[in-house]
Amino acid sequence: MEKSIHINRPFGKVGLWACLGLLLFIGAAEAVVHIKPVQAQLLAPGTANMSRSFDIQLDRLNARVEQGERIDCIFIGSSRVLHGVDPNAIRKAYSNITGSDFKCQNFGVLGMGMKGSAETAGLLAKLYHPRLIIIGTGFMDIGVGLPDNAIAESPIVRYNSGDFNFDGWITSSSLAFRDYLAEISYLAIDNAHTQNDFLLYNSTKPDGFLPLNGHKADNLQNWNNLNAHNKIKTVFTRSVKKILALKKENTQILFIEMPLRTSTFKAVPHAGGYRRVFEDGINSVLQNSGSQMWLTQDLNIVPESGWYESNHMNVDGAETFSTWVGEQLGQAVKDGSLILPEGSQTNP
Amino acid sequence: MSITSLAFAGFVLAVLMLYYVLPGKSQKFLLLAASYIFYISWDWRFAITLALVTVFNFFFSRSLRQLRSQETAPSAGGRSKKGKRLLWLGILINLAALLFFKQSGFFLHGFQALLSRLGFPNQIGILEILLPVGMSFYILQAISFLVDTYQNQIPATVNFMDLALYLAYFPKLLSGPIERAGSFLPKLSERVVVDNQRITESITRILIGLVRKIVIADVLAARIPANFFSSPSTFSSIELIFWWIAYIISLYNDFAGYTSIARGVSGLFGIELSPNFDNPFFSTSITELWNHWHMSLSQWLRNYVYMPLSRYMLRFNQSGRYLPNIIVPALVTMVLSGLWHGESWNFVLWGALMGIWIAAERIRTVYRPAGENLANLPPWHPRRIFSWAGFLIVIFLIAIPFKFDIANSIVFWRSLVTNWFPPPSLLGWRLPLIAFIPAIFIDWIQFGKHDELIFIRWKPIVQSVLLALCVLLIFLAFHAEPPQQFIYQGF
Amino acid sequence: MELKEIKDKLKTFICKELLNNPTYPLQDEEPLITSGLMDSFSLAQIGVFTEIQFNVYIPDSDLTVDAMNTVNQMAARIQKDLPA
């Protein structure tokens, strides 16, 4: 034998002690970040999906559930949802009509399209079992949104949809690790612009609503690069089907069109055509599914003064729109056209 | 498979288990098979190139050996005209093979331009040739094998399997260390017992390597601004200095980390590989730096280029102070080194500047006061300060064309002097500065005791803490994902 | 040739040509390169000096800091290959 191996016992003591030390350290770190005042000093935990907006929403939702609140409804969508859906207004309008409480969480994520919404809906349905998931969408969401692929491929989403992976497991299980993810992304930022964007979502309210005040001048020229298509995409219909499949988990699904400012919608070339493509596409999937799509563009719910700019409502517009949503929900539940399951406990 | 991947770890474990249950005679065969499987995992065509190079050099060395044994050993080492000519032929064929793959892109594009000018359609797709990874390294070793055969440095028992394994051995296949045939081949047949000590040393090497590669090099490389090398003019002087230092530390830890892992893995198989780095940044001169940076390449160049050339010239004029004797070997060696790193003009410039600087250092040594030893002078002595200043000149002047093309090198040098404003944005420096901490720590501790494995001589409890810290840092650095700009578009 | 003779010739050459100081009191066991007295490039000169003076060819790969750091090491290496 030219090369042989010979291990004398004891061997590996250093390694054993290191493992023990590591476990102790991880335990200690986990304990420390669970102390409320400590956690308050840290950035909202991250999930390694490249979207800070998503992380903040997950954190806000988590915080409410941990405080023992029961979330009836989660409203998922892009920044049009983030800035345009005020859960308080929905709650007020709903209880005015039905007399019962209805707690809603805004889960609007910057840039998220239908694919990202579907992945998010799957994750949230599994973790929080809401009675109703509302998808706020529109003809501009037919393409894949900027964070969609990152969200779909993020470990925590894959892990919770049954694709076991170590990173997803540790992200789901360890708050210390999620805190690390947030802090390290913040440290890695190399310019003031990105830093501002990163911190922007910190002012998101506990119910996930990020109100915008006043108005911002906008340029209709930008609409020439409209993110819309004259043909429905398979990724879009596949995503809608994926969302509908969540009904099995005892969750009702509702789609609501997030409108554009009326003057903008009228001015944008071909907007009507794009919208018809979107409408036909989504209706063909919803047929016989028992779920509805509420169209809002033609209803002129939000007056011109309720817009921050062409496609994001300001705080007043959000109140108007959300009140409308709350009333419609209340009516629909009252007259039985929308059936909400009793729902299980919200706590995971 | 990448050497820092879990797949590689699994591969090594599987091969190790087989290795130690197989009888000694089959061990080399197993290593050879494993090496080819490893290489095929990159690209099967690479393995064919390697096999062809191996077969050629085996038969060539046999002829070389036969020719040598026919000649009686004459004086002065028995170098004969005929043998020498054959040796040169062998070296040239190896170099031609390397050049073919290395330069083919360069030549083919010229060829394509000619074809399209003559009106032929673009057919370059079928001619595109890939440089097999590791070829730059194994060709140098094949040359080493021929020269050492010619100089009777190779045991007569060395067979085809030995040569094949010498060239293909997977821990060193991709990026060295470049082993000398005469010293590596006997190690393959040595009896070695891999005991607690060796295992500990090997695992420590692997860990140090992983920390260097993942915690330091990768984190730094990911932080260097994307346009740093392509448009240095957009950076201020301070930023240029900072990112260039970050790049050098990243490059060093990347390569030193790789070598450390390679040596650790090889150590588990009971085969020692040569060191490649010896805390180079503590050198007091550039000549010294090259003795501590990519040492196996420096030694190869020294053994097979610098020394023969230097001796050849000294035979005509024995004076060590005769300037051509000083300048020409250094210049030729460093220009060749530049060309080995890359076949473009910036590498030629880099090599030429480096060669001139090394010659200048040598001239200073040759003409210094009798018996003076720089190392004995206090650090604040003008001569010591001069050598430190030289260090800065090399890093910020001579080393630049190593990474920047010639036009951008000039921009870099000019911006370094003129672009003092605007003041740098320090935001992006935070993570690199954190990564500098382990970088400085490891080298400082190793250099302080002149012991690469000083960590395993510490108290067991300290070792445990350090080990836990390493594992934690490697895990965390793997997850140091930066946020991507495109997500943060704001409004 | 006596070992002493080889050493003396080497010392004279090293002090005069490499150390720039013919009167330097060089010792047999004094480290030359690791101490910084001369640099490793000077080994090429030692190699050629050995070829011409003693008719002994030392391969480049043997002209290393480890093997050629002292006068004793050099002299021993030369004597090994000295023509009878």
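Just so you know, these numbers come straight off a predicted model, no measurement behind them.

Comments concerning the packing of aromatic side chains
Two descriptors summarise a pair of aromatic rings, namely the distance from one centre to the other and the angle between the planes of the rings.
All names here are of chain B.
Item 1. All chains considered together, the criterion is met by 60 aromatic pairs over all chains.
Item 2. Relative to Trp429, the ring of Phe242 has its centre 3.8 Å away and its plane inclined at 0°; by these criteria the two rings are stacked. With Phe242 in helix α10 (residues 237-268) and Trp429 in the loop between α16 (406-418) and α17 (430-449), this residue pair connects regions lying 187 residues apart in the sequence.
Item 3. Taking the centre distance of 5.8 Å and the plane angle of 45° together, the rings of Phe242 and Phe436 count as tilted. With Phe242 in helix α10 and Phe436 in helix α17, this residue pair connects regions lying 194 residues apart in the sequence.
Item 4. For Phe242, a relative accessible area of 8% puts it in the buried group.
Item 5. Against the face of Phe184 rests Lys172, its NZ or CZ located 5.3 Å from the ring centre.
Item 6. Here Lys403 stacks its cationic end above the ring of Phe229, 5.1 Å away from the centre of that ring.

What about the side chain of Asn196 of chain B?
Item 1. You can see Asn196 of chain B is positioned in helix α9 (residues 196-223).
Item 2. Not counting chain neighbours up to four residues away, the residues in contact with Asn196 of chain B comprise His6, Ile7, Asn8, Pro10 and Phe11 of chain A.

Quick word on the interface of chain B and chain A
Item 1. On the side of chain A, 46 residues touch chain B, which itself brings 52 residues to the contact.
Item 2. Our enumeration of links across chain B and chain A arrives at 0 salt bridges.
Item 3. Across the chain B-chain A interface, the total number found is 15 residue pairs in polar contact (both at pLDDT 80 or more).
Item 4. Elements with a minimum of two residues in the side of chain B that touches chain A: α1 (6-21), α2 (24-40), α8 (181-189), β1 (192-194), α9, α17 and α18 (460-478) of chain B.
Item 5. If one sorts the elements of the side of chain B that touches chain A by residue count, α18 of chain B sits on top with 10 residues.
Item 6. A per-class count over the side of chain B that touches chain A returns 29 nonpolar, 15 polar and 8 charged.
Item 7. As paired elements, strand β1 (residues 3-5) of chain A and β1 of chain B share 3 bridges and run parallel to each other. Along β1 of chain B, the bridge assignment pairs Ser4 of chain A with Val193 of chain B.

Quick look at the domain arrangement of chain B
Where the parts come together, the accessible area they lose is often given as the size of the interface.
All names here are of chain B.
Item 1. Here chain B is partitioned into domain 1 (22-191) and domain 2 (197-418).
Item 2. Taken together, the contacts link 27 residues of domain 1 with 24 residues of domain 2.
Item 3. By the criterion of area lost to domain 2, the three top residues of domain 1 are Lys102, Pro177 and Ile178, representing 25% of everything that side buries.
Item 4. At the surface where domain 1 touches domain 2, the tally comes to 0 salt bridges.
Item 5. Summed over the shared surface of domain 1 and domain 2, the number is 10 residue pairs in polar contact (both at pLDDT 80 or more).
Item 6. For the side of domain 1 that touches domain 2, the element with the most residues is helix α5 (residues 135-150), which contributes 8 residues.
Item 7. The class makeup of the residues in the side of domain 1 that touches domain 2 is 14 nonpolar, 6 polar and 7 charged.

Cut-offs and rules
Residues numbered from 1 in each chain as written. Chains lettered and ligands numbered in written order. Predicted model: local features only at pLDDT ≥ 70, side-chain atom pairs only at ≥ 80, totals over all residues. Heavy atoms only, no water. Phe/Tyr/Trp six-rings, centres within 6.5 Å; stacked < 30°, edge-to-face > 60°. Helix = DSSP H or I, 4+ residues; strand = E, 2+ residues; numbered from the N terminus. Buried < 20%, exposed > 50% of the residue type's maximum accessible area, 1.4 Å probe, protein only. Lys NZ or Arg CZ within 6 Å of the ring centre and 35° of its normal. Contact = heavy atoms within 4.5 Å. Salt bridge = Lys/Arg side-chain N within 4 Å of Asp/Glu carboxyl O. Polar contact = N/O pair within 3.5 Å; in protein donor to acceptor, adjacent residues only side chain to side chain. Nonpolar A, V, L, I, M, F, W, Y, C, P; charged D, E, K, R; others polar. Pairing = 2+ DSSP bridges. Domains from an automatic or database assignment. Buried area = accessible area lost by both parts, 1.4 Å probe.

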